[in-house]
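Each chain is listed here by its residues.
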Amino acid sequence: MERRFRVIDTGIRDGRRQIAFDQAMIDARKADAIPDTIRFLRFPPTALVGRHQALSREIRVDYCRANGVAIARRITGGGAIYFDEGQLGWELVFNRATLGIASLGELARVICEAAATGLRNLGIDARYRPRNDIEVDGRKLSGTGGFFDDDTLFYQGTVLVDLDATRMTAALNVAEAKLAKRALDSAAQRVVTLRELLGTTPSIDAVKRALVEGFSERLGIVAVDGAITGVEERLAATYHDEEIGTEGFVFRIDEPAGREDTQSSTIDGPGGSVAAYVRLEGAPPGRIRDVLITGDFFVTPPRTIFDLESTLRGVAAPDAGPAVERYFATANVGLLSLAPAVFRAAVERAIAAGR
């Protein structure tokens with residue numbers, strides 16, 4: 001049976017509207033209102049924070065506001081990125097059954113290898129680097145990530161065609177620990193652009209063609225140019241106005257400020273990072289009154305972390321670690337970059353920080 005994918009391009013749009021269109025595609029695909037789809041997109045200068053990240057920990061908000069850099073929150077996990085017209089975003093939205101692969105980790109590998117195959121057609125040695133990057137000689141050319149929403153997979157990535165590295169480093173807070181892991185002095189050393197690799201800047205259309213060729217070859221699909229639907233545009237406008245485009249959505253996750261009763265811990269690992277903020281109540285050892293879990297990681301479904309936080313409220317402090325383990329053992333959850341033990345350790349260390 002032929003696997004046909006519609007190919008669309010939403011062009012350069014406000015960052016929050018592009019993210020709202022992501023959610024519109026997911027819901028439209030779940031309702032069978034659109035076919036399996038490859039989408040291309042671009043942004044004006046925008047700092048994008050991951051779904052679960054504490055915003056001010058990752059983004060230099062004052063700089064962005066003073067220098068015309070928009071701020072948006074993705075519906076996918078992962079780390080903060082700077083995005084402008086010099087980069088190309090790509091996305092795949094399709095039914096779980098289309099490729100016959102159920103594991104998020106395996107799908108990430110297959111999709112990244114397909115994208116890398118396409119980019120090699122431009123004359124560079126692009127390679128997949130587990131768990132979700134595409135690199136050339138150890139430098140990142142494309143970061144990726146995604147999740148399942150019921151039986152619909154949403155997976156996205158970027159290609160650094162060109163980059164204003166000065167503006168990127170000014171807009172983002174890149175942790176020194178993250179740079180130290182790779183013996184780098186700055187975030188700009190970690191990434192590479194097609195312009196640097198090729199000595200010239202390829203056209204956006206050339207990059208799009210290369211990616212479609214890679215997806216077609218490695219995923220065994222037939223890519224067909226298509227049109228954006230009215231359903232998608234209407235849903236995107238609604239999601240933008242009611243949630244994704246609002247300050248409440250963008251700033252809803254941040255580090256608790258000015259609370260002496262909040263205990264915290266951060267764990268950085270090769271697959272990302274987790275920070276836990278805990279407030280206890282009652283006589284020692286106490287119970288969890290509130291808990292906030294943030295960081296650079298990918299989980300599916302999207303509500304995983306919010307449900308974990310809800311599960312932990314009211315749990316006795318000594319039982320918090322086992323409760324985290326039980327949650328991941330019994331919930332239908334997929335983790336792409338970190339193991340449940342990392343989340344347990346972050347919560348337990350936050351509790352211990354107050355002792």
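Attention here is on the structure that accompanies the text. (Residues numbered from 1 in each chain as written. Predicted model: local features only at pLDDT ≥ 70, side-chain atom pairs only at ≥ 80, totals over all residues. Heavy atoms only, no water.)

## Focus on unusual backbone geometry
Glycine aside, residues mostly have negative phi, and peptide bonds are mostly found in the trans state. The peptide bond linking Pro284 to Pro285 adopts the cis configuration, its omega dihedral lying at 5°. For the bond from Thr300 to Pro301, the omega torsion is 5°, close enough to zero to count as cis. A positive phi angle, near 55°, is found at Asp150, a position not held by glycine. Mapped onto the secondary structure, Asp150 falls in the loop between strand 9 (139-149) and strand 10 (152-160). (Helix = DSSP H or I, 4+ residues; strand = E, 2+ residues; numbered from the N terminus.)

## Details of the pairing of strand 12 (residues 262-269)
In this structure, strand 12 lies alongside strand 13 (residues 272-281), joined through eight bridges in antiparallel fashion. Within strand 13, the position partnered with Ser264 by the bridge is Tyr277. Linking strand 12 to strand 13, which pair antiparallel, is a turn of two residues. (Pairing = 2+ DSSP bridges.)

## Section: the sheet that holds strand 6 (residues 87-95)
Spatial strand order, 7-8-9-10-6-2-1-11: eight strands in an open sheet with mixed pairing. One side of each edge strand has no neighbouring strand; the edge strands of this open sheet are strand 7 (127-129) and strand 11 (222-225). Pairwise comparison of adjacent strand axes, ignoring direction, gives a mean angle of 25° for this sheet. Pairing of strand 6 with strand 10 involves nine bridges; the strand directions are antiparallel. (Axes fitted to C-alpha atoms, helices over the stretch in contact; angles between N-to-C directions.)

## Re helix 5 (residues 104-120)
In a regular helix each residue adds 1.5 Å, so 17 residues correspond to 24 Å; helix 5 covers 24 Å between its end C-alpha atoms and thus fits that length. Counting buried positions along helix 5 yields twelve of 17 residues, so the element is predominantly enclosed. Residues of helix 5 that are buried include every one of Leu104, Leu107, Ala108, Val110, Ile111, Cys112, Ala114, Ala115, Ala116, Thr117, Gly118 and Leu119, and no others. For helix 5, the N-terminal capping position is held by Ser103, with its side-chain oxygen 3.3 Å away from the main-chain nitrogen of Gly105. (Expected span 1.5 Å × (residues − 1). Buried < 20%, exposed > 50% of the residue type's maximum accessible area, 1.4 Å probe, protein only. Polar contact = N/O pair within 3.5 Å; in protein donor to acceptor, adjacent residues only side chain to side chain.)

Treat this as a map of the structure, not an account of what it does.
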